[in-house]
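# Structural description and commentary
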Amino acid sequence: MRLICRTGCALLFAAICFLDLQAQALANVTGPCANCHTMHNSQAGALVSSVNRARLLTSDCVGCHSSSSADTIVQLGSTRIPIVYNTAAPPVNELAGGNFHWVAKNGHQYGHNVRGISPPDSFLAIGPGGENLQCGNSCHQSFSLPDTGFGRNGCEGCHGSVKHHGASVVAGQPVTAAEGWYRFLMAPSSHSGFGLTQGVAGIEDPNWEQTPTSAQHNIYFGGDGTAAQSPRSLNKFCASCHAKFHAPGFFESGGLTVDNGGGVNPWLRHPTNYAIPNKGEFAPLFATPYNPAVPVAKPVLTSYQAAKIEIGDQVSCVSCHRAHGSPYPDMLRWDYTAMKAHDGGSASGTGCFFCHTAKDS
Ligand code: HEC
Ligand code: HEC
Ligand code: HEC
Ligand code: HEC
Ligand code: HEC
Ligand code: HEC
């Protein structure tokens, strides 16, 4: 069997070369080394890739995690690749983070602009809500810029703990540091002075929510939401660049204290990391199944029911947004223009109306 095809994009061509189907594993890579590495960057006397890459890789983050098909999990023999950028057609079933297809094709407001996919945002000079972080030329400004001494841009602006050969994630258990944290999400080590020494906590759906159900989905960690806490919630991770949008503001140790402009009053922005009250229009939520289209965060990861929204479950940034990009402006999970007060129509029960049950009719 040929290990490497002769073209630059060895990995995509390798799909034709490999056909050894094995059991699926969680979160660390599987499959022959040659699916992803090249020892001499040479095959049959020709270059495998015109770019010299670290770790003897045949491709980079964007290259491996892209596909010209509409599939979001590409199977190369026993290697299973989660796709976050469908380059031609939009994805059939986008993964939990959404997809970079729309920011590349529809415009800058449809996602985070990332190096290798789209140029810096033409409307936003920095991440909104991060004005007081004052970090020039960093990933607080744009992931499309070159790396800086203080941190990486590109995919690694958020995925600061990439461990493809990390320890195997135990199904149903929170992801540990040795496993690379939840989806490899962590601030770079250069930020440890701000107390950002640990990554994001969470429990991973083995199929990256390609087809989530009320019982089988990612479990987002909410935590206490109010003070420095490590490992951190995904909300506080988003807030490390969008500080003011976190309620009640964002706080980490090490001298970086940023509130949302309202001090202890969290109500200047939509609450996040905030327990949904079991009363009024929210009470019906606690009698409906968990809805992976409008996820909420669990306050602790040791005891919870996946299939239900429980007392204490919190509003999260990803209740409304996708992390990478979506078909809607502001990377929203749903079409905001369809959320019409007391005129929900076919949007009833979705988006804002899923939680604000009394505002649709
Ligand atoms: C050579 C191909 C290749 C390259 C290069 C690569 N990845 Fe991956 N990546 C994979 C595969 C395959 C998986 C799926 C592992 C599994 O089965 O869980 C994966 C998984 C992931 C995941 C999901 C982990 C999880 O918890 O499920 C993230 C996030 C990720 N990669 C980010 C990156 C980033 C960021 C880079 C660049 C620094 C990168 N990858 C480079 C092939 C690659
Ligand atoms: C599906 C893709 C994939 C396969 C298959 C794969 N690797 Fe890797 N490997 C990566 C990626 C991506 C990185 C760089 C990012 C990282 O370290 O997470 C990496 C990094 C490494 C590193 C340096 C970092 C470390 O963890 O030590 C070594 C050594 C390595 N691979 C060896 C191997 C060997 C040996 C095999 C076969 C037995 C193999 N890899 C198979 C994707 C893969
Ligand atoms: C490391 C810094 C960083 C982190 C972490 C981060 N963002 Fe951003 N975000 C930015 C920057 C920079 C921009 C402006 C440039 C752009 O849109 O590409 C932005 C823009 C946005 C936008 C506006 C998109 C648009 O173009 O209109 C939304 C919405 C957003 N982010 C949501 C989130 C969410 C939700 C999370 C957590 C899952 C998150 N961000 C995490 C840096 C970050
Ligand atoms: C703004 C921060 C940010 C940037 C930039 C970013 N990611 Fe992610 N990524 C996330 C978050 C947050 C998740 C988890 C989404 C969830 O579970 O809701 C994620 C999840 C993933 C996954 C797992 C599949 C999924 O959708 O859950 C892969 C693979 C991945 N990212 C790869 C990449 C690659 C490749 C790039 C660069 C092209 C990239 N990411 C850029 C924040 C980011
Ligand atoms: C209740 C739903 C909801 C939650 C929760 C939410 N957002 Fe938003 N976000 C929106 C909507 C809707 C917009 C569109 C603009 C508006 O209405 O303010 C938006 C816009 C944004 C923008 C773009 C602002 C601009 O100036 O273009 C960013 C950045 C953002 N959100 C980040 C976050 C972060 C970070 C969190 C978590 C701390 C979060 N959002 C939580 C619904 C939400
Ligand atoms: C995941 C559930 C959830 C979603 C989705 C959601 N909200 Fe909320 N919203 C809440 C909770 C919880 C509160 C706080 C209620 C309380 O304690 O009084 C709130 C409060 C509000 C408030 C009142 C703030 C105040 O100062 O009293 C407004 C306005 C609002 N939401 C609008 C929206 C809009 C518009 C959307 C869709 C873009 C939306 N919400 C989506 C849960 C949600």
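Residues numbered from 1 in each chain as written. Chains lettered and ligands numbered in written order. Predicted model: local features only at pLDDT ≥ 70, side-chain atom pairs only at ≥ 80, totals over all residues. Heavy atoms only, no water.

## Structural notes on the overall build of the chain
Assigned secondary structure in the chain consists of six helices and 13 strands. The proportion of buried residues among the 361 residues of the chain is 46%. A fraction of 51% describes how many contacts in the chain between residues 6 or more apart in sequence connect residues 24 or more apart. Of the accessible surface of the chain, which amounts to about 16,900 Å², a share of 60% is contributed by carbon and sulfur atoms. (Helix = DSSP H or I, 4+ residues; strand = E, 2+ residues; numbered from the N terminus. Buried < 20%, exposed > 50% of the residue type's maximum accessible area, 1.4 Å probe, protein only. Contact = heavy atoms within 4.5 Å. Areas by Shrake-Rupley, 256 points an atom, 1.4 Å probe, with all protein chains shown as cover.)

## Let's talk about the nonpolar core
Membership of the largest hydrophobic core comes to 24 residues, with the highest contact counts inside it found for Y220, L234, I276, L285 and I309. If you list the elements that add at least two residues to this core, you get α4 (234-239) and α6 (351-355). For L234, the contacting residues outside a window of four places in its chain are L185, V200, Y220, F221 and V318. (Core = buried A, V, L, I, M, F, W, Y, C linked by side-chain atoms within 4.5 Å.)

## Some words on the coordination of the iron atom of ligand 1
Donor atoms from the polypeptide that coordinate the iron atom of ligand 1 comprise H65 (NE2) and H164 (NE2), at 2.1 Å from the metal. Coordination at the iron atom of ligand 1 comes from six donor atoms whose angles at the metal span 87 to 179°, giving a geometry best classed as octahedral. In this pair, H65 sits in the loop between α2 (61-64) and β3 (66-67) while H164 sits in the loop between α3 (101-105) and β7 (202-203), placing the two residues 99 residues apart along the sequence. (Donors = N, O, S within 2.8 Å, 3.2 Å for Na, K, Ca; no water. Tetrahedral: all angles 85-135°; square planar, octahedral: opposite > 155°, others 65-115°.)

## Topic: the coordination of the iron atom of ligand 2
For a metal bound by four donors in tetrahedral geometry, the ideal donor-metal-donor angle is 109.5 degrees, whereas six donors in octahedral geometry ideally sit at 90 or 180 degrees. H37 (NE2) and H165 (NE2) make up the full set of protein donors to the iron atom of ligand 2, lying at 2.0 Å. One way to put it: the six donor atoms around the iron atom of ligand 2 meet at angles of 88 to 179°, and that makes the site octahedral. A residue pair is termed long-range when its members are at least 10 positions apart, and H37 in the loop between α1 (10-17) and β1 (42-43) and H165 in the loop between α3 and β7 qualify at 128 residues. According to the relative accessible area criterion, H165 is exposed, its value standing at 65%.

## Things to note about the environment of D224
For D224, the location among the structural elements is in the loop between β8 (219-221) and α4. Here D224 falls in the partly exposed class, since its relative accessible area comes to 38%. A C-alpha to C-alpha distance of 8.7 Å links D224 and Y274, two positions 50 residues apart in sequence.

## Focus: the site of ligand 2
The immediate surroundings of ligand 2 are formed by 14 residues, with C33, C36, H37, H164 and H165 found nearest. Side-chain polar atom of H37 to a nitrogen atom of ligand 2: 2.8 Å apart, as the coordinates give it. Within the side chain of H165, one N or O atom sits 2.9 Å away from a nitrogen atom of ligand 2. (Near = heavy atom within 4 Å. Polar contact = N/O pair within 3.5 Å; in protein donor to acceptor, adjacent residues only side chain to side chain.)

## Focus on the site of ligand 5
Lining the immediate environment of ligand 5, one finds 14 residues, of which C317, C320, H321, D330 and Y336 sit closest. The contact in question runs from a nitrogen atom of ligand 5 to an N or O atom on the side chain of H321, over 2.8 Å. Classifying every residue of the shell around ligand 5 by side-chain character gives eight nonpolar, five polar and one charged. (Nonpolar A, V, L, I, M, F, W, Y, C, P; charged D, E, K, R; others polar.)

## Notes on the pattern of salt bridges
Summed over all chains, the structure comprises eight salt bridges. Measuring nitrogen to oxygen at the nearest pair gives 3.5 Å for the salt bridge that ties E204 to R183. With E204 in the loop between β7 and β8 and R183 in the loop between α3 and β7, the pair connects residues that are 21 residues apart, well separated along the chain. Accessibility assignment for this pair places E204 and R183 in one class, buried. (Salt bridge = Lys/Arg side-chain N within 4 Å of Asp/Glu carboxyl O.)

## Things to note about the packing of aromatic side chains
Within this structure, the stated rule accounts for one aromatic pair. Measuring from ring centre to ring centre gives 6.1 Å for Y182 and Y220, while their planes differ by 65°; the resulting arrangement is edge-to-face. Placement of Y182 in the loop between α3 and β7 and of Y220 in strand β8 is noted, with a sequence separation of 38 residues between them. On the basis of relative accessible area, Y182 is assigned to the buried category, the value being 4%. (Phe/Tyr/Trp six-rings, centres within 6.5 Å; stacked < 30°, edge-to-face > 60°.)

## Notes on the pairing of strand β4 (residues 73-76)
Judged from the four bridges that link them, β4 and strand β5 (residues 79-82) form a sheet pairing that is antiparallel. Bridging from a neighbouring strand, L76 pairs with T79 of β5. Hairpin connection, β4 to β5: the antiparallel pair is bridged by two residues, and G77 has positive phi, about 60°. (Pairing = 2+ DSSP bridges.)

## So, the confidence of the model for the chain
Counting all residues, the mean pLDDT for the chain is 86, and 85% of those residues have values of 70 or more. A low-confidence stretch, residues 1-25 (pLDDT under 50), is modelled with 50 contacts involving residues beyond four sequence positions or located in other chains. (pLDDT = per-residue confidence, 0-100.)

## Here we look at the side chain of E281
As for its position among the elements, E281 is in the loop between β11 (274-275) and β12 (297-298). In this structure, E281 is in contact with C355, H356, T357, A358 and K359, ignoring residues within four places of it in sequence.

## So, the side chain of S316
Here S316 is to be found in the loop between β13 (314-315) and α5 (317-320). The class for S316 is buried, based on a relative accessible area of 4%. Here N235 takes part through its side chain, which lies 2.8 Å from a polar atom of the side chain of S316. Residues within four places of S316 in sequence aside, it is in contact with N235, T272 and A297.

## Looking at the environment of H342
Residue placement: H342 occurs in the loop between α5 and α6. Residue H342 is classed as partly exposed on the basis of its relative accessible area, which comes to 49%. When the C-alpha atoms of H342 and A358 are compared, they prove to be 8.0 Å apart, with 16 residues separating the residues in sequence. Sequence-distant contacts of H342, defined by excluding residues within four places in its chain, comprise A358, K359, D360 and S361.

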